[in-house]
Amino acid sequence: MIENYAILPCNGLDKCAGAISREIAIKLCENAKNEIICPVFYRVAEAKYNKIAGEHPLLVIDGCQTRCASKLAAEKNLKVSKKITITEEAKTHNVELKSNLRLLKNENALIEIILNGLNSAEEKAASSSDKTNASYNFEYETYQKDKFLFRVPKNPEIYFNENDCWAYVIGNRARIGVTDFVQQNLSDILYYTPPEIGAENDQFGEVGEIESSKSVIDIISPVSGKVVSINETLIEKPELINENPYELGWIAELELTDFESDKELLVGFDKYLEIMKKKLEDLNA
Amino acid sequence: MSETTFMGVERDKIDWNPTIDYTKCDFCIECTKFCPHQVFEVRKTENIKLIVKNPNNCVVFCRACSKICGPDALSFPDKNATTQRIKEIRKEENND
């Protein structure tokens with residue numbers, strides 16, 4: 001259950017998704033000990049909320065992709081522990097949002113689905129002990145371009161896609177993450193949105209999101225499979241992806257479903273190094 | 001800068017780039033500011049102020065611009081269908 005969180009909703013009053021964000025925040029506070037940060041009042045009188053924000057993990061509820069609540073959190077230097085976007089949730093659950101500002105049957109059904117999802121994800125995360133005992137030892141080759149260093153792991157068990165994500169495959173499991181190319185391009189990573197534990201994922205599906213002050217990117221999974229664990233440390237310390245995106249900054253572990261087929265569209269160390277060098281040349285050009 | 005191949009397949013054989021829904025787009029051009037690959041072009045003096053100028057510059061499987069689009073005006077082809085098509089093209093080319 002979502003409890004002891006500070007909740008920063010979008011509260012947009014001119015869109016249905018904003019009205020839904022607000023309602024979810026209210027319900028989370030009615031059902032458990034959570035506290036709302038009013039985004040409007042926070043802008044003009046931050047003292048009231050700084051204490052709440054500093055003492056509790058923060059759940060940000062964005063209405064639409066303009067992500068006003070996320071931007072406010074970034075502006076106030078708040079660490080975001082959890083983040084949802086109502087328009088994305090509506091898409092996932094096949095609910096069409098219209099222009100009504102009053103909450104009707106459809107919207108209330110979506111609110112229930114989102115609340116259940118939030119609470120059960122929290123329970124799964126709390127009880128998740130399904131971590132692999134496999135040990136991951138990385139051997140790197142380093143490539144320098146101007147002042148930037150790029151490590152590329154050369155273990156034969158590691159596969160890459162052309163979207164700059166890697167998978168370290170041991171048995172029927174893979175640990176996945178992004179490469180140095182991604183973290184160097186994004187520069188300081190501020191947020192990590194993990195995939196949901198238990199989610200079934202296709203090859204090239206999105207397994208979370210990382211966001212820096214420069215940009216936001218989807219993590220595009222090299223392999224298909226079920227998410228069995230996530231790197232929870234990144235929620236509090238997403239900067240570990242900058243530090244080392246292969247070891248401390250890994251993203252998630254998946255139980256593989258069709259690795260033989262996935263392999264067709266993956267490359268090994270030699271080829272990925274070549275691809276990355278070309279991308280760096282193109283960037284410079 | 002355009003990448004010429006993706007997984008060994010010529011980029012222009014892969015149908016992957018954003019479609020703009022002009023009934024939703026409010027020409028805020030956040031996508032243009034966001035995308036580092038010059039996929040979009042702004043045409044200030046014309047009625048339709050935003051177009052997909054360089055579809056082949058779009059990174060296959062990247063949908064990041066649609067994530068930052070406030071009015072939700074950008075959509076992409078089906079990912080699984082695209083994956084399948086890439087595999088088919090690779091097979092066809094290996095058989096040639």
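Refer to the structure above for everything that follows.
Quick summary incoming for the structure in this document. Remember, it's a predicted structure, so these values are computed and weren't measured experimentally. (Residues numbered from 1 in each chain as written. Chains lettered and ligands numbered in written order. Predicted model: local features only at pLDDT ≥ 70, side-chain atom pairs only at ≥ 80, totals over all residues.)

### Looking at the overall build of chain B
Filter applied, for reference: Runs of E in the DSSP output that reach at least two residues are strands. Runs of H or I that reach at least four are helices, and both are numbered from the N terminus. Three exposure classes are used, all based on how many other C-beta atoms lie within 10 Å of a residue's own C-beta (placed from the backbone): buried at 20 or more, exposed at 12 or fewer, and partly exposed between those limits. By definition, residue pairs are in contact when their C-beta atoms, positioned from the backbone, come within 7 Å.
Scanning chain B for helices and strands turns up three helices and six strands. Overall, the C-alpha framework of chain B stretches about 50 × 25 × 20 Å when taken along its three principal axes. Counting across all 96 residues of chain B, residues that qualify as buried make up 22%. Once local pairs closer than 6 in sequence are excluded, the contacts in chain B between residues at least 24 apart make up 59%.

### A short note on the nonpolar core
Put simply, the rule is: Linking buried Ala, Val, Leu, Ile, Met, Phe, Trp, Tyr and Cys residues through C-beta atoms within 7 Å yields a set, and such a set is a nonpolar core.
Core analysis: the largest hydrophobic core is formed by 95 residues, its most contacted members being A:Ile7, A:Leu58, A:Ile61, A:Trp166 and A:Ile176. Counting residues per element, this core draws most heavily on helix α1 (residues 16-31) of chain A, which supplies seven residues.

### Some points on the sheet that holds strand β14 (residues 225-230) of chain A
All names here are of chain A. For clarity, the cut-off: Whether two strands pair comes down to DSSP finding at least two bridges between them.
Pairing is antiparallel in the open sheet, where six strands are placed in the order β7-β8-β9-β15-β14-β11. Of all the strands in the sheet, the pair left with one neighbour each is β7 (158-160) and β11 (200-201). Pairing of strand β8 (residues 165-170) with strand β9 (residues 173-178) involves six bridges; the strand directions are antiparallel. For Ala167, the partnering residue across the bridge sits in β9 and is Ile176.

### Quick notes on the sheet that holds strand β13 (residues 216-220) of chain A
Residues and elements named next belong to chain A. We apply this condition: Orientation is described by axes fitted as lines to C-alpha atoms, over the contacting stretch for helices, and by angles from 0 to 180 degrees between their N-to-C directions.
The antiparallel open sheet is built from three strands, whose spatial order is β10-β12-β13. Of all the strands in the sheet, just β10 (189-193) and β13 have a single pairing partner and so form its edges. Each adjacent strand pair in this sheet contributes to an overall mean axis angle of 25°, direction not counted. When β10 meets strand β12 (residues 206-212), the two strands line up antiparallel, connected through four bridges. Note on β12: the bridge partner recorded for Thr193 is Glu209.

### A short note on the environment of A:Ala53
All names here are of chain A. Along the chain, Ala53 falls in helix α3 (residues 47-55). For Ala53, a count of 20 C-beta atoms within 10 Å puts it in the buried group. For the pair Ala53 and Ala73, spaced 20 residues apart in the sequence, the C-alpha separation amounts to 9.6 Å. If we skip the residues at most four places from it in the chain, Ala53 touches Ala6, Ile37, Leu58 and Leu78.

### Remarks on the pairing of strand β1 (residues 6-9) of chain A
All names here are of chain A. For clarity, the threshold we go by: The handedness of a crossover follows from its direction of travel: if, with the strands pointing away from the viewer, the path from the first strand over the helix to the second runs clockwise, the crossover is right-handed.
Residues Ala6 and Leu8 point to one face of β1 and Ile7 and Pro9 to the other, with burial holding for every one of them. As paired strands, β1 and strand β3 (residues 58-62) are joined by four bridges and run parallel to one another. What sits directly across from Ala6, in β3, is Leu58. When β1 meets strand β2 (residues 35-36), the two strands line up parallel, connected through two bridges. Bridge assignment links Ile7 to a residue of β2, and that residue is Ile36. For the crossover that starts at β1, traverses α1 and ends in the parallel β2, the hand is right-handed.

### Thoughts on the environment of A:His93
All names here are of chain A. When you line up the elements, His93 lands in the loop between α5 (86-92) and α6 (105-127). Taking the number of C-beta atoms within 10 Å as the measure of exposure, His93 has 12 and is therefore exposed. When neighbours within four sequence positions are excluded, His93 is seen to be in contact with Leu110 and Ile113.

### Concerning the environment of B:Lys24
Residues and elements named next belong to chain B. When you line up the elements, Lys24 lands in the loop between β3 (19-20) and α1 (30-34). The exposure class assigned to Lys24 is partly exposed, which follows from the 13 C-beta atoms found within 10 Å. Along the backbone, Lys24 and Ile48 are 24 residues apart, and their C-alpha atoms lie at a distance of 12 Å. Excluding residues that lie within four positions of it along the chain, Lys24 makes contacts with Pro71, Asp72 and Ala73.

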